[in-house]
Amino acid sequence: MSHAGSSIVDRHQRPLRDLRLSVTDRCNFRCRYCMPEEIFGPDYTFLPRQELLTFEEMERLVRLFVQLGVKKVRITGGEPLLRRDLPLLVRKIRRVKGVKDLALTTNAFLLDRYAVALQKAGLDRINVSLDALDDEVFANMNGGRSSVEKVLSGIDAATRAGLAVKVNMVVQKGVNDHQILPMARYFYKKGIPLRFIEFMDVGNHNGWNTDQVVSKQEILHILQEELPLEPLEPGYFGEVATRYRYRDTQTEVGIISSVTDSFCGSCTRARLSADGKLYTCLFASAGADLRGPLRAGEEDEQLLQRISGIWGKRADRYSDERAHNSPRSRQKVEMSYIGG
Ligand code: SAM
Ligand code: SF4
Ligand code: SF4
């Protein structure tokens, strides 16, 4: 069987296009909506080193995923910059023919240290997560682990290094919604695209309920009161953000509305955990082990069939069906493990 150039599709005819690669389940932040300190404290057991995929194993899997249609790879975590020698992995993935876009999602705490090395290794883009410009609000959200200044200096370092940077802000009602406009003003002036993310019911520990979601419509309303926007066409099939630009400028702003305006119909993303489990949805309860077969010596062809089989059976539509799901009925994979 040859897979070259083909793109496999799932049960809803969605092609496999993107791979999110988690490189660690550890993080130097304790964002309340992702890794609350009470759960992810000193006694929490993270993955032992030998269970993590090596860079060679990741490179091989990326090569196989590309044969099945993947064009974009995003490195994530936990906090990916905690994985030692990450630029080496970037270099390996950059060498895989067919990877058109190589990106990283980070909290930026260590970015000023690594920006140049990442750019030199061939990274195209960085998404930095920052939820507030006010230090007190930010510290309250990240578990007291970082100042705003530290993240902004990481963003500056990445820009100086020549990396394309976008900033992501998770909006939680009553927590940081008053930061929507200050964040928009700041990144508008800097000419850096900012994307607001609706607070999601990922994982099992963030106490999510709909009252804490600030909807896309509410965010738009707040923005437009001060900064008029013009809608933009989606950049490509499956783009998660609804895009706008500030009127008469080239600076973009976007909203990722996974809760109030879900987009499962165009979801082309597969997720690989740091220990090599393949998840076909951010809200899945379980993943399919690829590390075992890989370490047991399976040939490429068998692995390709394995992955195709999993994608072919995929029917996930969690966000589209959210209103009908009973939210506490099942365990979900943790965001810090799967990486968003
Ligand atoms: N540590 C890195 C970071 O924060 O950028 C990468 C991993 S983090 C899990 C990936 C993204 O998921 C971040 O932008 C984070 O804000 C987002 N995220 C985590 N929990 C979320 C939630 N409950 N709702 C919406 N976004 C969430
Ligand atoms: Fe860490 Fe990112 Fe989760 Fe915050 S959102 S705790 S930075 S993994
Ligand atoms: Fe994709 Fe699952 Fe999110 Fe729907 S809920 S967009 S299928 S990851």
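Residues numbered from 1 in each chain as written. Chains lettered and ligands numbered in written order. Predicted model: local features only at pLDDT ≥ 70, side-chain atom pairs only at ≥ 80, totals over all residues. Heavy atoms only, no water.

**Re the pairing of strand β5 (residues 164-171)**
Along β5, six of the eight residues are buried, which leaves the element largely enclosed by surrounding structure. Pairing of strand β4 (residues 125-129) with β5, which is carried by five bridges, proceeds in the parallel orientation. Note on β5: the bridge partner recorded for Ser129 is Asn168. The sheet contact formed by β5 and strand β6 (residues 194-198) spans five bridges and is parallel. Along β6, the bridge assignment pairs Val171 with Glu198. Once the chain exits β5 it traverses helix α6 (residues 180-190) before rejoining the sheet at β6, and the crossover so formed is right-handed. (Buried < 20%, exposed > 50% of the residue type's maximum accessible area, 1.4 Å probe, protein only. Helix = DSSP H or I, 4+ residues; strand = E, 2+ residues; numbered from the N terminus. Pairing = 2+ DSSP bridges. Right-handed = clockwise from strand over helix to strand, strands pointing away.)

**Re the sheet that holds strand β3 (residues 101-106)**
Strands pair in a sheet through their backbones, by hydrogen bonds, and they do so in one of two ways: parallel or antiparallel. Overall, mixed pairing links the 12 strands, which are arranged β7-β8-β9-β6-β5-β4-β3-β2-β1-β10-β11-β12 in an open sheet. Unpaired on one side and paired on the other, β7 (229-231) and β12 (288-289) mark the two borders of the sheet. Where strand β1 (residues 18-22) and strand β2 (residues 72-76) come together, five bridges link them in parallel fashion. Within the sheet, the bridge partner assigned to Leu21 lies in β2 and is Ile75.

**Some details on the packing of helix α1 (residues 55-67) against helix α2 (residues 86-94)**
Relative orientation of the contacting elements α1 and α2 amounts to 25 degrees, with a least axis distance of 10 Å. Between α1 and α2, the interaxial angle falls into the category roughly parallel. Of the two elements, α1 crosses α2, and the hand of that crossing is right-handed. The segment α1 lies against α2, with Phe55, Glu56, Met58, Glu59 and Val62 engaging Leu86, Leu88, Leu89, Lys92 and Ile93. Here the residues of the contact of α1 with α2 sort into seven nonpolar, no polar and three charged. (Axes fitted to C-alpha atoms, helices over the stretch in contact; angles between N-to-C directions. Parallel < 35°, antiparallel > 145°, perpendicular 65-115°, else oblique. Left-handed = near helix turned anticlockwise from the far one by under 90°. Contact = heavy atoms within 4.5 Å. Nonpolar A, V, L, I, M, F, W, Y, C, P; charged D, E, K, R; others polar.)

**A short note on the pattern of salt bridges**
One pass over the full model with this rule turns up 25 salt bridges. Among the ionic pairs, Arg314 bridges to Asp316, the shortest N-O distance being 3.7 Å. What you see here is one network of salt bridges that share partners, running through Asp10, Arg14, Arg314 and Asp316. (Salt bridge = Lys/Arg side-chain N within 4 Å of Asp/Glu carboxyl O.)

**Concerning the site of ligand 1**
Near ligand 1 there are 18 residues, and of these Tyr33, Gly78, Ser129, Met200 and Met335 occur at the shortest range. A distance of 3.0 Å separates a nitrogen atom of ligand 1 from a polar backbone atom of Gly78. Note that a nitrogen atom of ligand 1 is positioned 3.3 Å from one of the side-chain N or O atoms of Glu79. In the complex, 93% of the free accessible area of ligand 1, which totals 540 Å², lies under the protein chains. (Near = heavy atom within 4 Å. Polar contact = N/O pair within 3.5 Å; in protein donor to acceptor, adjacent residues only side chain to side chain. Areas by Shrake-Rupley, 256 points an atom, 1.4 Å probe, with all protein chains shown as cover.)

**Focus on a positive patch on the surface**
A cluster of basic residues, Arg17, Lys71, Lys97 and Lys100, forms a positive patch at the surface. Tracing the backbone shows Lys97 in the loop between α2 and β3. On the accessibility criterion, Lys97 (77% relative accessible area) is exposed. (Patch = residues over 30% accessible without salt bridge, like charges linked within 9 Å, V, L, I, M, F, W, Y side chains within 5 Å. Lys, Arg positive; Asp, Glu negative; His and termini not counted. Charge placed at Lys NZ, Arg CZ, Asp CG, Glu CD.)

**With respect to the site of ligand 2**
As a matter of local geometry, ligand 2 sits amid Cys27, Phe29, Cys31, Cys34, Met35, Gly78 and Asn107. Tallied by class, residues from the shell around ligand 2 come to five nonpolar, two polar and no charged.

**Focus: the environment of Val73**
Take Val73: it is sitting in strand β2. Val73 sits 181 residues away from Gly254 along the chain, and the two C-alpha atoms are 21 Å apart. Discounting chain neighbours no more than four positions away, the residues touching Val73 are Leu19, Val62, Ile93, Val99, Asp101, Leu102 and Ala103.

**Some words on the packing of α1 against helix α9 (residues 300-312)**
Their axes nearest at 10 Å, the elements α1 and α9 cross at an angle of 60 degrees. Taken as axis vectors, α1 and α9 run oblique relative to one another. Considering only the axes of α1 and α9, their crossing is right-handed. Every residue of α9 that contacts α1 at Arg60, Leu64, Phe65 and Gln67 is listed here: Asp300, Leu303, Leu304 and Ile307. Residues that form the contact of α1 with α9 fall into these classes: five nonpolar, one polar and two charged.

**Observations concerning the packing of aromatic side chains**
Scanning the model with the defined rule gives eight aromatic pairs in all. Ring plane angle 45 degrees and centroid distance 4.5 Å describe the contact between Phe40 and Tyr44, whose orientation is recorded as tilted. With relative accessibility at 31%, the residue Tyr44 sits in the partly exposed group. Aromatic rings pair up to connect Phe29, Phe109 and Phe138 into one cluster. When the ring centre of Tyr236 is taken as origin, the NZ or CZ atom of Lys72, which lies over that ring, is 3.7 Å away. Taking the ring centre of Phe109 as reference, the NZ or CZ of Lys150 above it sits at 5.2 Å. (Phe/Tyr/Trp six-rings, centres within 6.5 Å; stacked < 30°, edge-to-face > 60°. Lys NZ or Arg CZ within 6 Å of the ring centre and 35° of its normal.)

Scope: geometric values only; no functional claims are made or implied.
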